[in-house]
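Residues per chain are reported as follows:
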Amino acid sequence: MKTAIVDYGMGNLHSVLKSVQAAQALSGKAAEIYLTDRPEDIFAADKIIFPGQGAMPDCMAALRQSGLGEAVEDGLKNKPFFGICVGAQLLFEHSEEGDTAGLGWFKGRVKRFAANQTDGHGGRLKVPHMGWNTVRQTRPHPLFKDIGQETRFYFVHSYYFTPEDAETVLATSEYPNEFACIVGKDNVFATQFHTEKSHNAGLLLLRNFLDWQP
């Protein structure tokens with residue numbers, strides 16, 4: 001089983017690689033896990049992990065300039081696919097960040113958190129949203145195996161996705177209003193938070209992805 005982590009120059013790539021390797025050890029199943037910037041390696045993979053970090057316009061430009069876009073889109077159609085943070089946002093149709101078109105796998109837009117929002121005690125909420133936050137599962141999914149309701153994951157983001165199809169929303173979080181933080185459809189699963197920064201809970205998600213056969 002070959003799992004490719006897409007290296008298009010944007011993302012916390014070595015931390016993602018180490019966390020996927022740790023998840024593979026938890027799984028106990030044989031797997032070849034590699035970080036690659038070669039389209040042929042992605043076409044040859046059985047599973048794809050698509051991370052991202054930074055501004056969406058830069059990430060989309062880097063994906064196109066790297067020549068990896070076609071291989072990524074092929075994986076979206078045919079293979080178990082895991083998008084992380086901006087790698088999840090890129091799967092939507094459009095982002096307010098730089099008025100950027102995405103890959104359009106999920107219908108919907110990526111929006112910026114409003115300024116001057118406050119929490120329940122009147123304290124001002126900063127943008128970006130940064131830190132640990134609880135995640136509420138809204139639909140069952142194989143990747144939630146051994147992960148309890150209201151588990152905390154680590155977020156760093158100023159923008160969030162707003163899916164048009166409620167059926168694709170698998171989990172939500174709040175800042176201060178509810179927003180979708182995990183989406184999924186068929187062979188594709190994507191999280192707004194960083195699995196590689198989410199300690200044991202993130203490792204369990206990645207382990208479950210490595211075991212997943214949609």
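Residue numbers run consecutively from 1 along every chain, following the written order of its sequence. Given that this is a predicted model, residues contribute local features only at a pLDDT of at least 70 and side-chain atom pairs are listed and counted only at 80 or more, while totals for whole chains, interfaces and linings are drawn from all residues. Computation of side-chain values covers all heavy atoms of the structure but excludes hydrogens and water.

- Per an unreviewed UniProt entry, the protein goes by Imidazole glycerol phosphate synthase subunit HisH and derives from Neisseria macacae ATCC 33926.
- Listed in UniProt under the heading Subunit (unreviewed entry), the comment for the protein reads: "Heterodimer of HisH and HisF." UniProt positions are given in the numbering used here, feature names are shortened, and annotations may be inferred rather than shown by experiment.

## Some words on the side chain of threonine 151
Step number 1: Topologically, threonine 151 is positioned in strand 9 (residues 151–157).
Step number 2: The exposure class assigned to threonine 151 is buried, which follows from its relative accessible area of 18%.
Step number 3: By the criterion applied in these results, polar contacts are pairs of N or O atoms within 3.5 Å in which, for protein atoms, one can donate a hydrogen and the other can accept it, and in which residues neighboring in sequence qualify only through two side-chain atoms. Separated by 2.6 Å, the side chain of threonine 151 and the backbone oxygen of glycine 148 make a polar contact.
Step number 4: Here, two residues are considered to be in contact whenever any of their heavy atoms come within 4.5 Å of each other. Those residues in contact with threonine 151, other than ones at most four positions away along the chain, are Asn133, Thr134, Val135 and Ala201. Only DSSP runs of H or I reaching four residues or more are called helices, and only runs of E reaching two or more are called strands; each is numbered from the N terminus. Each residue gets one of three labels from its accessible area relative to the maximum for its type: buried under 20%, exposed over 50%, partly exposed in between, using a 1.4 Å probe on protein chains only.

## Remarks on the layout of surface pockets
Step number 1: Cavities and pockets were defined on a 1 Å grid built over protein atoms only: a cavity is a set of grid points that admits a 1.4 Å probe from which the probe cannot escape, a pocket is an open set flanked by protein on both sides within 12 Å along at least five of seven lines, and lining residues are those with an atom within 4 Å of any such point. Grid points are joined across faces, edges and corners, and a volume is the space filled by probe spheres set on the points. Put simply, the largest pocket is a space of about 190 Å³.
Step number 2: Along the walls of the largest pocket sit 15 residues, with Gly54, Val86, Val156, His157 and Ser158 positioned nearest its centre.
Step number 3: Within the residue set of the lining of the largest pocket, elements represented by two or more residues are helix 5 (86–89) and strand 9.
Step number 4: In this count, Pro and Cys sit with the nonpolar residues alongside Ala, Val, Leu, Ile, Met, Phe, Trp and Tyr, while Asp, Glu, Lys and Arg are called charged and the others, Gly among them, polar. Its residues placed into classes, the lining of the largest pocket shows six nonpolar, seven polar and two charged.

## Section: the UniProt feature "domain: Glutamine amidotransferase" (unreviewed entry) in the protein
Step number 1: Residues annotated by UniProt as "domain: Glutamine amidotransferase" (unreviewed entry) correspond here to residues 6–209.
Step number 2: Across residues 6–209, the secondary structure splits into 28% helix and 32% strand, with the terminal C-alpha atoms separated by 16 Å.

## A few points about empty space enclosed by the protein
Regions of empty space are outlined by a rolling probe, equal in size to a water molecule, passed over the atoms.
Step number 1: Using the criterion set out here, one finds one cavity of 30 Å³ or more in the structure.
Step number 2: Estimates place the volume of the largest cavity at around 30 Å³.
Step number 3: For the lining of the largest cavity, a count of residues per class yields six nonpolar, one polar and no charged.

## Side note on helix 6 (residues 199–211)
Step number 1: Helix span, as expected, comes to 1.5 Å for every residue beyond the first. For helix 6, built from 13 residues, the straight-helix expectation of 18 Å at 1.5 Å per residue is met to within 8% by its first-to-last C-alpha distance of 19 Å.
Step number 2: Taken across its 13 residues, helix 6 has ten buried, putting it largely inside the fold.
Step number 3: Those residues of helix 6 that fall on the buried side of the exposure criterion are Ala201, Gly202, Leu203, Leu204, Leu205, Leu206, Arg207, Asn208, Phe209 and Leu210.

## A look at the sheet that holds strand 10 (residues 159–163)
Step number 1: The pairing criterion is simple: DSSP has to find at least two bridges between the two strands. The four strands are arranged 6-5-7-10 in an open sheet whose pairing can be described as mixed. In the strand order of this sheet, the two ends are held by strand 6 (100–101) and strand 10, each with one partner.
Step number 2: By the bridge criterion, three bridges tie strand 5 (residues 92–95) to strand 7 (residues 106–112) in an arrangement that is parallel. Looking across to strand 7, one finds that histidine 94 is bridged to arginine 109.

## What about the pairing of strand 13 (residues 188–191)?
Step number 1: Side chains Val188 and Ala190 of strand 13 all project onto a buried face; the interleaved residues Phe189 and Thr191 project onto the opposite face, where all are buried too.
Step number 2: Pairing between strand 4 (residues 81–84) and strand 13: four bridges, direction parallel. When the bridges of strand 13 are listed, phenylalanine 82 appears paired with phenylalanine 189.
Step number 3: Sheet topology places strand 12 (residues 178–185) next to strand 13; four bridges connect them, and they run antiparallel. When the bridges of strand 13 are listed, valine 183 appears paired with alanine 190.
Step number 4: A loop of two residues connects strand 12 with strand 13, the two strands running antiparallel in sequence, and aspartate 186 in this loop sits at a positive phi of about 55 degrees.

## Some thoughts on the environment of glycine 108
Step number 1: With respect to the element layout, glycine 108 can be found in strand 7.
Step number 2: Glycine 108 sits 78 residues away from alanine 30 along the chain, and the two C-alpha atoms are 37 Å apart.
Step number 3: Apart from the residues lying within four places of it in its own chain, the contact partners of glycine 108 are Phe92, Glu93, His94, Thr162, Pro163 and Glu164.

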